[in-house]
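# Structural features, examined
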Amino acid sequence: MTILVEQIPFGSQFDDTKNVHSENNTNELVLDGGFHQPQNDSQNSLFLAPEINSFGHTFRNYDEESERQKGVEEFYRLQHINQTYDFVKKMREEYKKLDKAEMSIWECCELLNDVVDESDPDLDEPQIQHLLQSAEAIRKDYPNEDWLHLTALIHDLGKILLLPKFGELPQWAVVGDTFPVGCAFDESNVHHKYFKDNPDVKNSAYNTKNGVYTEGCGLDNVMMSWGHDDYMCLVAEENGATLPKAGLFIIRYHSFYPLHKENAYTHLMNEQDFENLKWLHVFNKYDLYSKSKVLVDVEEVKPYYLSLIEKYFPAKLRW
Ligand SMILES: O[C@H]1[C@H](O)[C@@H](O)[C@H](O)[C@@H](O)[C@H]1O
Ligand SMILES: [Fe+2]
Ligand SMILES: [Fe+2]
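Everything quoted here is computed from the prediction, not taken from an experiment.

Protein coordination at the iron ion (ligand 2) comes from Asp 156 (OD), His 228 (NE2) and His 254 (NE2), with a distance range of 2.0 to 2.2 Å. Counting residues between consecutive donors of the iron ion (ligand 2) along the chain gives the motif D-x71-H-x25-H. Here the iron ion (ligand 2) and the iron ion (ligand 3) are spaced 3.7 Å apart, linked through Asp 156, which binds each one. Here the residue Asp 156 occupies a position in the loop between helix H5 (146-154) and helix H6 (228-238), and His 254 occupies one in the loop between helix H7 (245-253) and helix H8 (257-260), the gap between them amounting to 98 residues. Assigned by exposure class, Asp 156 and His 254 land together as buried.

Next up, the structure:
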């Protein structure tokens, strides 16, 4: 099964993501200085990135005048006002309990059938399609990195926080781009202007460049705005997933566009973060550009993903 990418009038191929990790080294990642550069045409990626999304706009265009965009902007207004240092601390404590449900990874994927993400200008399909579209796209170009396929499959599972059983959190506490709390909000955050009404902006402990952190402290020590990334990473770690560290890093920071797209907040990173960021850059292209109206046949690909889940996760997890 391969992902079908829509008729792409101005299709372009990724040149900077290469399948050079051909051995099946799932737990030991060799990320040295010579990272994944294209060497010749035969290594070109198979996945074609469309230049326009299903709505006829460029991807992540937050300035387009449209009804959909108004909803997205309202989403960011609420998110920027409400994601405070105290709020995140409370959420982390609450969800660390993992007392909401017991279920397998695949059962969780199926729950996402009922979830639509209001922050996303590029996709209004049920989220299970997004999971499979991104996983199938990355599988095409990195056939031997099975951990990367599984990472793509599960990266957005945390969106179950929107469902009643998992607290029915408002959209602003689950989806959208993420950013650190406890230090100044960088201008590269989309719709940055709405942070002006976030109470942390007036708190001198939180409104400086480093805030409560120190330079180079490592992202592990930074509190990110609360949402599906942090939650899913917590679930994976606490349930003893054996995914490589880079997989967990991707899950935890895939919505941190100010960092991986705009290079903001790098002063908080340590050496290990910079290594992991290389994989996040690879992943992001498939996360973003695989969003399309051409749906993946769930039953057809299910056996493959079940085998990966069995390899890296216990049969049942606490959520
Ligand atoms: O709207 C999207 C969506 O919520 C994604 O799942 C998230 O990872 C992105 O960062 C966000 O901008
Ligand atoms: Fe996401
Ligand atoms: Fe995603």
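Our focus in this paragraph is the packing of helix H4 (residues 127-141) against helix H10 (residues 298-312). Their axes nearest at 12 Å, the elements H4 and H10 cross at an angle of 65 degrees. Relative to H10, the crossing made by H4 is left-handed. When H4 is examined against H10, the residues Gln 129, Leu 132, Ala 135, Glu 136 and Arg 139 are found in contact with a partner set consisting of Val 298, Val 301, Tyr 304 and Tyr 305. The residue inventory of the contact of H4 with H10, partitioned by class, reads six nonpolar, one polar and two charged.

It is worth spelling out the site of ligand 1 at this point. If you check the shell around ligand 1, you find 15 residues, and the closest are Asp 117, Ser 119, Lys 159, Asp 177 and Ser 255. At 2.6 Å, a side-chain N or O of Ser 119 approaches an oxygen atom of ligand 1. The separation between an oxygen atom of ligand 1 and a polar side-chain atom of Ser 255 is 2.6 Å. In isolation ligand 1 exposes 300 Å². Once the protein is present, 97% of that is buried. A class-by-class count of the residues in the shell around ligand 1 yields four nonpolar, five polar and six charged.

Our next topic: the UniProt feature "binding site: Fe cation" (unreviewed entry) in the protein. Mapped onto this structure's residue numbering, the UniProt feature "binding site: Fe cation" (unreviewed entry) falls at His 130, His 155, Asp 156, His 228, His 254 and Asp 287. Those annotated residues that line the largest cavity are His 130, Asp 156, His 228, His 254 and Asp 287. What makes Asp 156 buried here is its relative accessible area of 3%. Setting aside chain neighbours within four positions, we find Asp 156 in contact with Leu 112, Gln 127, His 130, Leu 131, His 228 and His 254. In this structure His 254 comes out as buried when scored by relative accessible area, which is 3%. Once residues lying within four places of it in the same chain are set aside, the contact partners of His 254 are His 155, Asp 156, His 228, Asp 229, His 260, Leu 280, Phe 283 and Asp 287. In terms of polar contacts, His 254 uses its side chain to reach the side chain of His 228, at 3.1 Å.

All right, on to the coordination of the iron ion (ligand 3) then. On the protein side, the iron ion (ligand 3) has His 130 (NE2), His 155 (NE2), Asp 156 (OD) and Asp 287 (OD) as donor atoms, found 2.1 to 2.3 Å from it. Around the iron ion (ligand 3) sit four donor atoms, and with donor-metal-donor angles ranging over 83 to 169 degrees the site reads as irregular. The sequence pattern describing where the donors of the iron ion (ligand 3) fall on their chain is H-x24-H-D-x130-D. The exposure class assigned to His 130 is buried, which follows from its relative accessible area of 2%.

A separate point is the pattern of salt bridges. Pairing is possible between side chains that carry opposite charge, provided their charged atoms lie close to one another. What the rule picks out here adds up to 19 salt bridges. Taking the shortest distance from any N to any O, the salt bridge between Lys 159 and Asp 156 comes out at 3.3 Å. One salt bridge connects Lys 278 with Glu 275, and the closest N-O pair in it is separated by 3.1 Å. Pair noted here: Lys 278 and Glu 275 are both in helix H9 (residues 271-289), with a separation of three residues, about one helical turn. Exposure remark for Lys 278: the relative accessible area of 22% places this residue in the partly exposed category.

With 86% of its residues at a pLDDT of 70 or more, the protein shows a mean pLDDT of 86. A low-confidence stretch, residues 1-43 (pLDDT under 50), is modelled with 99 contacts involving residues beyond four sequence positions or located in other chains. Here the predicted complex scores 0.86 on pTM and 0.96 on ipTM.

Look at Asn 263: it is not a glycine, yet its phi comes out positive at around 60 degrees. Tracing the backbone through its elements, the reader meets Asn 263 in the loop between H8 and H9. Positioned with a positive phi, Tyr 265 is a non-glycine residue whose angle comes to about 65 degrees. Mapped onto the elements of the fold, Tyr 265 is located in the loop between H8 and H9.

Let us look at the packing of aromatic side chains. As enumerated under the stated definition, the model contains 18 aromatic pairs in all. Plain terms: the ring middles of Phe 75 and Tyr 76 are 4.8 Å apart, the flat faces sit at 90 degrees to each other, and that makes the pair edge-to-face. Using a relative accessible area of 5% as the deciding quantity, one classes Phe 75 as buried. When the ring of Phe 179 is compared with that of Phe 185, the centres are 5.6 Å apart and the planes differ by 90 degrees; the resulting orientation is edge-to-face. For the residue pair Phe 179 and Phe 185, the accessibility class agrees, reading buried in each case. The aromatic ring of Tyr 95 is capped on one face by Lys 100, whose charged end is 4.9 Å from the ring centroid. For the cation-ring pair, Arg 139 lies above Tyr 304, with the distance from its terminal atom to the ring centre recorded as 3.8 Å.

Reading the values: rules and limits
Residues numbered from 1 in each chain as written. Chains lettered and ligands numbered in written order. Predicted model: local features only at pLDDT ≥ 70, side-chain atom pairs only at ≥ 80, totals over all residues. Heavy atoms only, no water. Donors = N, O, S within 2.8 Å, 3.2 Å for Na, K, Ca; no water. Helix = DSSP H or I, 4+ residues; strand = E, 2+ residues; numbered from the N terminus. Buried < 20%, exposed > 50% of the residue type's maximum accessible area, 1.4 Å probe, protein only. Axes fitted to C-alpha atoms, helices over the stretch in contact; angles between N-to-C directions. Left-handed = near helix turned anticlockwise from the far one by under 90°. Contact = heavy atoms within 4.5 Å. Nonpolar A, V, L, I, M, F, W, Y, C, P; charged D, E, K, R; others polar. Near = heavy atom within 4 Å. Polar contact = N/O pair within 3.5 Å; in protein donor to acceptor, adjacent residues only side chain to side chain. Areas by Shrake-Rupley, 256 points an atom, 1.4 Å probe, with all protein chains shown as cover. UniProt positions renumbered as here; feature names shortened; annotations may be inferred. 1 Å grid on protein atoms, 1.4 Å probe; cavity = no way out; pocket = protein on both sides within 12 Å on 5 of 7 lines; lining within 4 Å. Tetrahedral: all angles 85-135°; square planar, octahedral: opposite > 155°, others 65-115°. Salt bridge = Lys/Arg side-chain N within 4 Å of Asp/Glu carboxyl O. pLDDT = per-residue confidence, 0-100. Phe/Tyr/Trp six-rings, centres within 6.5 Å; stacked < 30°, edge-to-face > 60°. Lys NZ or Arg CZ within 6 Å of the ring centre and 35° of its normal.

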